[in-house]
Structures are given as C-alpha cells and as structure tokens.
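# Report on the structure
Each chain, letter by letter, is given below.
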Amino acid sequence: MTEVTTVKCPTCQKPVIWNEESKYRPFCSQRCRLIDLGEWAQEKYTVATEEDDSLSDLLKL
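Residues numbered from 1 in each chain as written. Predicted model: local features only at pLDDT ≥ 70, side-chain atom pairs only at ≥ 80, totals over all residues. Heavy atoms only, no water.

### Focus on the overall build of the protein
Stated precisely, the cut-off is as follows: Here a strand is any run of E in DSSP of at least two residues, a helix any run of H or I of at least four, and the numbering for each starts at the N terminus. Burial classes: relative accessible area under 20% of the type maximum marks a residue as buried, over 50% as exposed, and values in between as partly exposed (1.4 Å probe, protein chains only). Note on contacts: a residue pair is in contact if any heavy atoms of the two residues lie within 4.5 Å. Here, Shrake-Rupley sampling with a 1.4 Å probe gives the accessible areas, and only protein chains in the shown set may cover a residue.
Secondary structure summary: the protein contains two helices and two strands in total. Counting from the amino terminus, helix and strand elements in the protein follow one another as β-β-α-α. Residues classed as buried in the protein amount to 10% of the 61 residues present. Long-range pairs, those at least 24 residues apart, make up 5% of the contacts in the protein between residues at least 6 apart in sequence. Counting only carbon and sulfur atoms, one obtains 53% of the accessible surface of the protein, whose full area is about 5800 Å².

### Some words on the packing of aromatic side chains
Condition: Side-chain rings of Phe, Tyr and Trp (the six-membered ring for Trp) are treated as a pair once their centres are within 6.5 Å; stacked means planes under 30 degrees apart, edge-to-face means over 60, and tilted covers the remaining angles. In our convention, an over-ring charge means Lys NZ or Arg CZ found within 6 Å of a ring centre and within 35 degrees of that ring's normal.
Evaluation of the coordinates by the stated rule reveals one aromatic pair. Ring geometry for W40 against Y45: centres 5.2 Å apart, planes inclined by 65 degrees, an arrangement best described as edge-to-face. Its relative accessible area of 34% is what places Y45 among the partly exposed residues. For the cation-ring pair, R25 lies above W18, with the distance from its terminal atom to the ring centre recorded as 5.3 Å.

### Focus: the environment of K14
Relative to the helices and strands, K14 resides in the loop between β1 (6–8) and β2 (15–17). When neighbours within four sequence positions are excluded, K14 is seen to be in contact with V7, K8, C9 and C28.

### Things to note about unusual backbone geometry
Cis rather than trans, the peptide bond between R25 and P26 has omega equal to 10 degrees. Position of P26 among the secondary structure elements: in the loop between β2 and α1 (30–41). In this structure, E43 takes a positive phi of about 60 degrees despite not being glycine. Take E43: it is sitting in the loop between α1 and α2 (53–59).

### Considering the side chain of S22
With respect to the element layout, S22 can be found in the loop between β2 and α1. Aside from chain neighbours lying at most four places away, what touches S22 is V16 and I17.

Here you go:
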C-alpha cells in the first residue's frame, strides 16, 4: 500500500495531494498560485538577508 502525502495549500489551506498529477502543487489551483505570486510582486513577502559590506567596497572603485 502506497502512502499518500498531503500538504496544505499555502493560500487557502485546502489539502493538496502531493504527486505528479497535482498540477499546481503545493497550491490547490491556478487561482491560489496567482494570488501567491501577486503577494510576492507587491512585496508583501520578503526573504531576510544579511548585509554584505564586501560588495559595497567594490562599488566605490
């Protein structure tokens, strides 16, 4: 018996079966996928980074 992996859609929290047939995984639909993309485009999500001072030295040259 094969175990089915299920995840929650990041947008609406509906269960999504994680397999090749789930076209939009981890999202449940194209709609949820586009909502998430829009959130990134509006900069509502960010990825934390540390400032790298060595690169700013190169810009001074």
